[in-house]
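Here's the letter readout for the chains.
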Amino acid sequence: MNLDTSPLQTPFDLKQLSLRNRLAVAPMTRVTATPDGLPTATMQRYYQRFAQGGFGLVITEGSFIDEAWSQTYENQPGMASDDQAQAWRPLTAQLQASGTRSIAQLQHAGALSQFNRYRPGQTIAPSAVPPRGLQMPFYRGEGAYPIPRAITQEEMADVVAHFGSAAARAVGLAGFDGVEIHGANGYLLDQFLTAHTNLRTDRWGGALPQRLEAAVATIQAVRAAVGADVPVGIRVSQGKVNDFGHKWAEGEQGAETIFGTLADAGVDYIHLTEFEAWQPAFGAEGPSLVQLARRFAPGLTIIANGGLHDADRALQLLAHGADLIALGRGALSNPDWPRKLEQGLPMKAFDRSILGPIADIKASELAAA
Ligand SMILES: Cc1cc2nc3c(=O)[nH]c(=O)nc-3n(C[C@H](O)[C@H](O)[C@H](O)COP(=O)(O)O)c2cc1C
């Protein structure tokens, strides 16, 4: 096979951030922080393998933003306090020293919280709608999700403000090069976006533009907190961890509204995750979500994710208009995916046992580097 993989290996500037190639590690929750949300030495070793393996960018796992309702999983790292943020610093410094840039993903669970040490047993969401699906056992969850309480206007103002303060901590104290707002996969901001989980009739609910208000306000708060120069992105998806096959009901027109609105709100990049990123976004044919984002948010950086661990698929998504390719499972199996690509070495297939029975970082994983 004589694949020209050089498009994946060319440098890229995300604002003032120089990336050595187009390859990013996708955010992956590994529930290996301390019980009070401090990143650990094990996490540092785990992330460092991706830097040594040649990834230009690491987007770290979703960190909760506040000491209220945002925590999603037991042993999830936080960005909710100065102590939590400072504990990230050795990790980001080591990535930096290896020539790899880091972006912190900031997450609010909303109705999908499976554990919260600050507000045990209760969840909040746009509306009191029972979540679909079941909690994830590999994140120590069991059975149905609790029925959430509808968030108040005051609490919503706090959520937005807390995204801002967490972003300021991520950059100022934790040493990250940028921040990614988690707007995907069924968590709080996606619950606002989705009609059947957002039944509100106030500023935060209604037609699609109103359902995007939570994301817009969050982007504006984060931008105000970190300033104009720091890269700020948002991750969006159609599918959800608890509703895998969900599609945006408004189709391509909805995609136009979503991408246009997010761009106008002031993000630098949109990170799209689909099960198979090259597939038509809606129905059996037509453009992929990346192609639609390229069309409707022409000035933004686009990160593509979803089943792109084969180099030919990754190249295909660059051709669809993506600037960067994020790998999840491919990076777990091959923390040195970029080096292997460069040297033409075979990639390992994904082995689900890495994530079982609990998705925490395994000693065997670190040893196999
Ligand atoms: C163990 C694991 C943890 C994940 N945690 C997160 C997360 O914290 N934030 C997020 O946005 N996506 C998360 N994801 C989704 C991945 O970022 C990615 O979208 C998904 O694995 C599909 O990409 P892939 O086909 O390259 O694996 C997680 C996926 C896995 C496998």
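Everything below is about the structure shown above.
Description of the structure in this document. (Residues numbered from 1 in each chain as written. Predicted model: local features only at pLDDT ≥ 70, side-chain atom pairs only at ≥ 80, totals over all residues. Heavy atoms only, no water.)

Re the overall build of the protein
So, step 1. Along the protein, the regular secondary structure elements total 14 helices and 12 strands.
So, step 2. Expected size for 369 residues packed as a compact globule is a radius of gyration near 21 Å; at 19 Å, the protein falls within 12% of this value.
So, step 3. Considered along the principal axes of its C-alpha atoms, the protein spans approximately 55 × 45 × 40 Å.
So, step 4. Taking the intrachain contacts of the protein between residues at least 6 apart in sequence as the baseline, contacts between residues at least 24 apart amount to 72%.
So, step 5. When the accessible surface of the protein is summed, it comes to about 13,800 Å², and 52% of that surface belongs to carbon and sulfur atoms.
So, step 6. Placing the 30 positive and 36 negative side-chain charges of the protein at their respective mean positions leaves the two points 3 Å apart. (Helix = DSSP H or I, 4+ residues; strand = E, 2+ residues; numbered from the N terminus. Rg over C-alpha atoms; globule rule 2.2 N^0.38 Å. Contact = heavy atoms within 4.5 Å. Areas by Shrake-Rupley, 256 points an atom, 1.4 Å probe, with all protein chains shown as cover. Lys, Arg positive; Asp, Glu negative; His and termini not counted. Charge placed at Lys NZ, Arg CZ, Asp CG, Glu CD.)

Considering the site of the ligand
So, step 1. Neighbouring the ligand are 18 residues, the closest being Pro 27, Thr 29, Arg 235, Asn 305 and Arg 329.
So, step 2. Pro 27 places a polar main-chain atom, nitrogen or oxygen, 2.7 Å from an oxygen atom of the ligand.
So, step 3. Between Thr 273 and the ligand, the recorded distance is 3.1 Å, taken from a side-chain N or O atom to an oxygen atom.
So, step 4. Relative to its free-state accessible area of 610 Å², the ligand is covered by the protein chains to the extent of 87%.
So, step 5. In the shell around the ligand, the residues fall into six nonpolar, 10 polar and two charged. (Near = heavy atom within 4 Å. Polar contact = N/O pair within 3.5 Å; in protein donor to acceptor, adjacent residues only side chain to side chain. Nonpolar A, V, L, I, M, F, W, Y, C, P; charged D, E, K, R; others polar.)

Section: helix H10 (residues 289-296)
So, step 1. Considered for burial, the residues of H10 that qualify are Leu 289, Val 290, Leu 292, Ala 293 and Phe 296. On an axial view of H10, the arc spanned by its buried residues comes to 160 degrees, and they lie on one face.
So, step 2. As for H10, its buried residues are in contact with helix H9 (251-265), strand E10 (269-273), strand E11 (301-305) and helix H11 (311-319). (Buried < 20%, exposed > 50% of the residue type's maximum accessible area, 1.4 Å probe, protein only. Arc of directions from axis to C-beta.)

Remarks on the pairing of strand E9 (residues 232-237)
So, step 1. Taken across its six residues, E9 has six buried, putting it largely inside the fold.
So, step 2. Going residue by residue along E9, you find Val 232, Ile 234 and Val 236 tucked away on one face and Gly 233, Arg 235 and Ser 237 tucked away on the opposite face as well.
So, step 3. Inspection of the sheet shows E9 paired to E10 by five bridges, in the parallel sense. Within E10, the residue paired with Ser 237 across the bridge is Thr 273.
So, step 4. One crossover worth recording links E9 to the parallel E10 by way of H9, and it is right-handed. (Pairing = 2+ DSSP bridges. Right-handed = clockwise from strand over helix to strand, strands pointing away.)

Focus on unusual backbone geometry
So, step 1. Pro 357 follows Gly 356 through a cis peptide bond whose omega is -10 degrees.
So, step 2. Positive phi outside glycine occurs at Lys 15, with the angle close to 55 degrees.
So, step 3. Along the chain, the position of Lys 15 falls in the loop between strand E1 (12-14) and strand E2 (17-19).
So, step 4. With relative accessibility at 31%, the residue Lys 15 sits in the partly exposed group.
So, step 5. Despite not being glycine, Asn 185 shows a phi value in the positive range, around 60 degrees.
So, step 6. Topologically, Asn 185 is positioned in the loop between strand E8 (178-182) and helix H6 (188-193).

Details of the environment of Pro 11
So, step 1. On the secondary structure map, Pro 11 appears in the loop between helix H1 (6-9) and E1.
So, step 2. A sequence separation of 267 residues divides Pro 11 from Trp 278, and the C-alpha atoms of the two residues are 23 Å apart.
So, step 3. Other than its neighbours up to four places away in sequence, Pro 11 contacts Leu 19, Arg 20, Asn 21 and Arg 22.

Let's talk about the packing of aromatic side chains
So, step 1. If you walk through the whole model with that rule in mind, you get 11 aromatic pairs.
So, step 2. On the numbers, 6.0 Å between centres and 85 degrees between planes, the contact of Phe 50 with Phe 55 is edge-to-face. We note that Phe 50, like Phe 55, is buried.
So, step 3. One aromatic cluster is present, built from ring pairs that chain together Tyr 46, Tyr 47, Phe 50 and Phe 55.
So, step 4. The ring of Trp 69 is capped by Arg 119, whose NZ or CZ atom sits 5.1 Å from the centre of that ring.
So, step 5. For the cation-ring pair, Arg 313 lies above Trp 278, with the distance from its terminal atom to the ring centre recorded as 4.0 Å. (Phe/Tyr/Trp six-rings, centres within 6.5 Å; stacked < 30°, edge-to-face > 60°. Lys NZ or Arg CZ within 6 Å of the ring centre and 35° of its normal.)

Brief notes about the packing of H9 against H10
Packed helix pairs are characterised by how far apart their axes lie and by the angle those axes make with each other.
So, step 1. One way to put it is that H9 packs onto H10 with a least axis distance of 9 Å and a crossing angle of 55 degrees. Relative to H10, the element H9 lies oblique. Between H9 and H10 the crossing geometry is right-handed. Between H9 and H10, the residues in contact are Glu 252, Ala 255, Glu 256, Phe 259 and Gly 260 and Leu 289, Leu 292, Ala 293, Arg 295 and Phe 296, respectively.
So, step 2. Residues belonging to the contact of H9 with H10 are distributed by class as follows: six nonpolar, one polar and three charged. (Axes fitted to C-alpha atoms, helices over the stretch in contact; angles between N-to-C directions. Parallel < 35°, antiparallel > 145°, perpendicular 65-115°, else oblique. Left-handed = near helix turned anticlockwise from the far one by under 90°.)

Details of the sheet that holds E11
So, step 1. In space, the eight strands of this closed barrel follow the order E3-E4-E5-E8-E9-E10-E11-E12, with parallel pairing throughout. Taking the axes of each pair of neighbouring strands and ignoring which way they run, one obtains an average angle of 25 degrees across the sheet.
So, step 2. In terms of strand pairing, strand E5 (residues 101-107) meets E8 through four bridges, oriented parallel. Paired with Ile 103 across the two strands is Gly 178, which belongs to E8.
So, step 3. Packed onto the sheet, helix H2 (residues 41-52) meets strand E3 (23-25) and strand E4 (57-64) and runs at close to 150 degrees relative to E4.

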